[in-house]
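What follows is the residue order along each chain.
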Amino acid sequence: MKKIGQVGMLLYGIVAAIVLVLLCINQKIVRTVQSVSGVAYEQKIDSIAFGYQVKQPFLPQYEKLDQFRIYVDASACSRDAGSLQVTIADEDGRVVFDTDLAIQELPQYGWVEFDPDITVSTNQTYMLVLESVGCSDFGPKISFFDARLAATQEQKGLNLEYAGMEVVNSALRIAFIYTVPIAAYEYIIYYIFALVVGFFLFGDTIINAHHTQSVVSRASAASRS
């Protein structure tokens, strides 16, 4: 029994190591990282309708951009028609994300989530473009902050643009959400945890076998004496 428990523990440890190495190579264990605007006095762009666009350049901090959120105020706009058009383009002008969200689906006031689920380059500046199309009025208002106080790391040194003009020291109120592979050393932590689990699975077998062997040895010694 003791030998069976030891072999089981050894095989478990080997299998756990192989699985974790494969997961590490393929970067299958990930964590979520958020980059969110800081706190500052909130200002609003009154309209991005009738051809007026707001553009936010940003430099991604990680390669897998799962989601981003912008803050809108749609409490005073008509919800009968129109949509919020959102695009992301790279430095060459190639569109890497493009979607439309109906105005009637926007919250009265709050975060709006978009799920691009795209791979980006951390060495390239991208352009996020927002525009209301097909609206019967000025559309939703878009929140922004003083970039010196509340810009995310992605926005630092990059100014907001509105209606073709640069708005100095301004940045959209925004949140970037990434999926990031865990660091190599974290796999070691997972392996240690796996070994602890393995001990609980096979440890009793080894301990009980050792105890049984001790009892048998004492009984054998007593019978000889």
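Data block above holds the structure.
Keep in mind the model is a prediction, meaning the values are calculated, not measured.

### Overview of the packing of aromatic side chains
Phase 1 of the analysis: Counted according to the given criterion, the structure contains nine aromatic pairs.
Phase 2 of the analysis: On the basis of an interplanar angle of 25° and a centroid distance of 5.3 Å, the ring pair of F68 and F114 is categorised as stacked. Of the two residues, F68 sits in strand 4 (residues 64-73) while F114 sits in strand 7 (residues 109-114), which places them 46 residues apart along the sequence.
Phase 3 of the analysis: Taken together, the aromatic side chains of F58, Y126 and F176 make up a single cluster linked through ring pairs.
Phase 4 of the analysis: Seen from the ring of Y71, R173 lies directly overhead, with NZ or CZ sitting 3.7 Å from the centre.

### What about the pattern of salt bridges?
Phase 1 of the analysis: A full pass over the atoms with the stated rule returns seven salt bridges.
Phase 2 of the analysis: The shortest N-O distance in the salt bridge between E113 and R69 comes to 3.6 Å. Of this pair, E113 sits in strand 7 while R69 sits in strand 4; the two residues are 44 residues apart in sequence, bridging distant segments of the chain.
Phase 3 of the analysis: With a relative accessible area of 47%, E113 lands in the partly exposed category.
Phase 4 of the analysis: Judged by its relative accessible area of 21%, R69 falls in the partly exposed class.

### Things to note about the nonpolar core
Looking at soluble globular proteins, one finds that nonpolar side chains tend to be buried together.
Phase 1 of the analysis: Residues F68, I70, F114, L128 and L130 are the most contacted members of the largest nonpolar core, which totals 34 residues.
Phase 2 of the analysis: When contributions to this core are tallied by element, the ones reaching two or more residues are strand 3 (54-58), strand 4, strand 5 (83-89), strand 6 (95-102), strand 7, strand 9 (126-133), strand 10 (141-146) and strand 14 (174-181).
Phase 3 of the analysis: Non-local contacts of F68, meaning those with residues more than four positions away in its chain, are made with V86, I88, F97, V112, E113, F114, P116, L128, A175, F176 and I177.

### Re the sheet that holds strand 9
Phase 1 of the analysis: Spatially, six strands are ordered 6-5-9-3-11-12 in an open sheet, and the strand pairing comes out antiparallel. Each edge of the sheet is formed by a strand with only one pairing partner; in this case those strands are strand 6 and strand 12 (165-167). Each neighbouring strand pair of the sheet contributes to a mean axis angle of 20°, computed without reference to strand direction.
Phase 2 of the analysis: Bridge count for strand 5 against strand 6 is seven bridges, and the pairing is antiparallel. When the bridges of strand 6 are listed, T87 appears paired with D98.

### Focus: the environment of D66
Phase 1 of the analysis: Tracing the backbone through its elements, the reader meets D66 in strand 4.
Phase 2 of the analysis: Exposure remark for D66: the relative accessible area of 22% places this residue in the partly exposed category.
Phase 3 of the analysis: Placed 50 residues apart in sequence, D66 and P116 show a C-alpha to C-alpha distance of 5.9 Å.
Phase 4 of the analysis: With sequence-adjacent residues up to four places away left out, D66 is seen in contact with F114, D115, P116, D117, I177, Y178 and T179.
Phase 5 of the analysis: A polar atom in the side chain of D66 sits 3.0 Å from the side chain of K64.

### Some points on unusual backbone geometry
In terms of backbone geometry, most residues other than glycine have negative phi values and most peptide bonds are trans.
Phase 1 of the analysis: With a phi close to 55°, A163 is a non-glycine residue in the positive phi region.
Phase 2 of the analysis: Tracing the sequence through the fold places A163 in the loop between strand 11 (160-162) and strand 12.
Phase 3 of the analysis: You will see that N169, though not glycine, has its phi angle at about 60°, which is positive.
Phase 4 of the analysis: Checked against the element boundaries, N169 lands in the loop between strand 12 and strand 13 (170-172).
Phase 5 of the analysis: Exposure remark for N169: the relative accessible area of 29% places this residue in the partly exposed category.

### Focus: the pairing of strand 10
Phase 1 of the analysis: For strand 10, a buried count of five out of six residues is recorded, marking the element as mostly surrounded by other parts of the structure.
Phase 2 of the analysis: As paired strands, strand 2 (residues 43-45) and strand 10 are joined by three bridges and run antiparallel to one another. Paired with I45 across the strands is I142, a residue of strand 10.
Phase 3 of the analysis: Sheet analysis places strand 4 next to strand 10, joined by two bridges and oriented antiparallel. In the sheet register, D73 faces strand 10, and the bridge partner there is K141.
Phase 4 of the analysis: Taken together, the three bridges between strand 10 and strand 13 define a ladder with antiparallel strand orientation. Residue pairing across strands places F144 opposite L172, the latter belonging to strand 13.

Criteria and cut-off values
- Residues numbered from 1 in each chain as written.
- Predicted model: local features only at pLDDT ≥ 70, side-chain atom pairs only at ≥ 80, totals over all residues.
- Heavy atoms only, no water.
- Phe/Tyr/Trp six-rings, centres within 6.5 Å; stacked < 30°, edge-to-face > 60°.
- Helix = DSSP H or I, 4+ residues; strand = E, 2+ residues; numbered from the N terminus.
- Lys NZ or Arg CZ within 6 Å of the ring centre and 35° of its normal.
- Salt bridge = Lys/Arg side-chain N within 4 Å of Asp/Glu carboxyl O.
- Buried < 20%, exposed > 50% of the residue type's maximum accessible area, 1.4 Å probe, protein only.
- Core = buried A, V, L, I, M, F, W, Y, C linked by side-chain atoms within 4.5 Å.
- Contact = heavy atoms within 4.5 Å.
- Pairing = 2+ DSSP bridges.
- Axes fitted to C-alpha atoms, helices over the stretch in contact; angles between N-to-C directions.
- Polar contact = N/O pair within 3.5 Å; in protein donor to acceptor, adjacent residues only side chain to side chain.

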